[in-house]
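# Overview (structure and organization)
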Amino acid sequence: MTWLINRGRTEELLKWLIPLAETGQNVALTADTLALLARTDSRYEAEAERWLRSLGSGGILQLAREMRSWPSGREAEAKELLVALARDGNGLAADELARWERSDPIAAITWHCRAIDLGCTQSWHDLEEVLRELQPVTADDRALAERARAALDTARAAEGPEWATPDVAARLSEEAIAAAVATAAVMPFVQNIASMAASDVYAMVKQLFARALRRNAQELTERRTGPTLHVTGDSVANTWLEMRGRPSDDALRKLSEADLETLAAPDPRGRTVTVYWDDEDGEWRRRVE
């Protein structure tokens, strides 16, 4: 697919894909291809929207993400799609809205809570960060802050037994809670990495990269080439993260601090983008090929 696009054979590709999609074959591939083309050429937006909508709620969620960066500038319309999905009970849409509303703590917390209520608990760390930004909690914000803390307890418990602790927050003062959150925020990112299983490390890295791509971790795919090369990424954006074996604590720390959105930005020409750790320089780099 990318090979044909890179060689200017887009129309030839669509003449093959769209008739198949009309018969119910390769619908997802057709939608993904048109979405890729629409990122740089507004002529393909209508067809991309048509086929993404045909995929149901998952396709509409992808459509909203794509529309946000389309040349025609349809961010407001994209947000309306997400709001409709979230109100209909789509937790992933609510989680996406929480990230979109990151500059507005009240709106972000509201959507995070909605996402957790709907069973989408993977972004509770983000909720914790936004709640910290809300400090000090005013009288008007108190009810929302309490709802957020209850949602955090629910999400932590869902993540595993280590988080299934009594509701201590309910017994602490506002000041004590703020102090505890602030202390947790400055703890070294890699404090517990040494004791984590390799699979846990990869899951954490996958979540970091998913956040940078503005896609949910469940939508990422993993490729393995040989026993020590682990790559996670998004086939639609053709963007990948490369790790040769278990990354060092320093690499993990710098990954959490890096501008991943810039490093992982899709190539306008559709070429493969790989984000990799440069051992010699001790930095994460971007490779386009």
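Please refer to the structure higher up on the page.
Attention in this report is confined to the structure presented alongside it. Keep in mind that this is a model prediction, so the values were computed, not measured.

## Description of the pairing of strand E3 (residues 239–244)
Here E3 lies mainly inside the structure; 5 of its 6 residues are buried. Pairing of strand E2 (residues 229–234) with E3, which is carried by 6 bridges, proceeds in the antiparallel orientation. Residue pairing in the sheet places Leu-229 in a bridge with Arg-244 of E3. Between E2 and E3, which pair antiparallel and follow one another directly, the connecting turn spans 4 residues, one of which, Asn-238, has a positive phi of 60 degrees. Sheet topology places E3 next to strand E4 (residues 273–278); 3 bridges connect them, and they run parallel. Considered in E4, the bridge of Trp-240 is made with Thr-274.

## So, the pattern of salt bridges
Tallied over the full model, the rule gives 20 salt bridges. As a salt-bridge pair, Arg-287 and Glu-289 come within 3.8 Å of each other at their nearest N and O atoms. On the accessibility criterion, Arg-287 (27% relative accessible area) is partly exposed. Take Glu-289: its relative accessible area is 54%, and that puts it in the exposed class. It is possible to trace a salt-bridge network through shared partners that takes in Glu-45, Glu-49, Arg-53, Arg-74 and Glu-77.

## Section: the environment of Trp-111
One can find Trp-111 in helix H8 (residues 105–117). Taking the C-alpha atoms as reference points, Trp-111 and Ala-86, 25 residues apart in sequence, are found 8.6 Å from one another. Apart from the residues lying within four places of it in its own chain, the contact partners of Trp-111 are Val-83, Ala-86, Ala-94, Leu-97, Ala-98 and Glu-101.

## Digging into the packing of aromatic side chains
With the rule as written, the count across this model stands at 1 aromatic pair. Across the ring face of Trp-100, the terminal group of Arg-68 is positioned such that the distance to the ring centre comes to 4.4 Å.

## Let's talk about the packing of helix H5 (residues 57–67) against helix H7 (residues 91–100)
Between H5 and H7, whose axes approach to 10 Å, the crossing angle comes to 15 degrees. By the criterion of interaxial angle, the relationship of H5 to H7 is roughly parallel. As H5 packs across H7, the resulting crossing turns out to be right-handed. Here H5 contributes Leu-61, Ala-64 and Arg-65 to the contact with H7, which in turn contributes Leu-92, Ala-93, Glu-96 and Trp-100.

Reading guide: rules and limits
Residues numbered from 1 in each chain as written. Predicted model: local features only at pLDDT ≥ 70, side-chain atom pairs only at ≥ 80, totals over all residues. Heavy atoms only, no water. Buried < 20%, exposed > 50% of the residue type's maximum accessible area, 1.4 Å probe, protein only. Helix = DSSP H or I, 4+ residues; strand = E, 2+ residues; numbered from the N terminus. Pairing = 2+ DSSP bridges. Salt bridge = Lys/Arg side-chain N within 4 Å of Asp/Glu carboxyl O. Contact = heavy atoms within 4.5 Å. Phe/Tyr/Trp six-rings, centres within 6.5 Å; stacked < 30°, edge-to-face > 60°. Lys NZ or Arg CZ within 6 Å of the ring centre and 35° of its normal. Axes fitted to C-alpha atoms, helices over the stretch in contact; angles between N-to-C directions. Parallel < 35°, antiparallel > 145°, perpendicular 65-115°, else oblique. Left-handed = near helix turned anticlockwise from the far one by under 90°.

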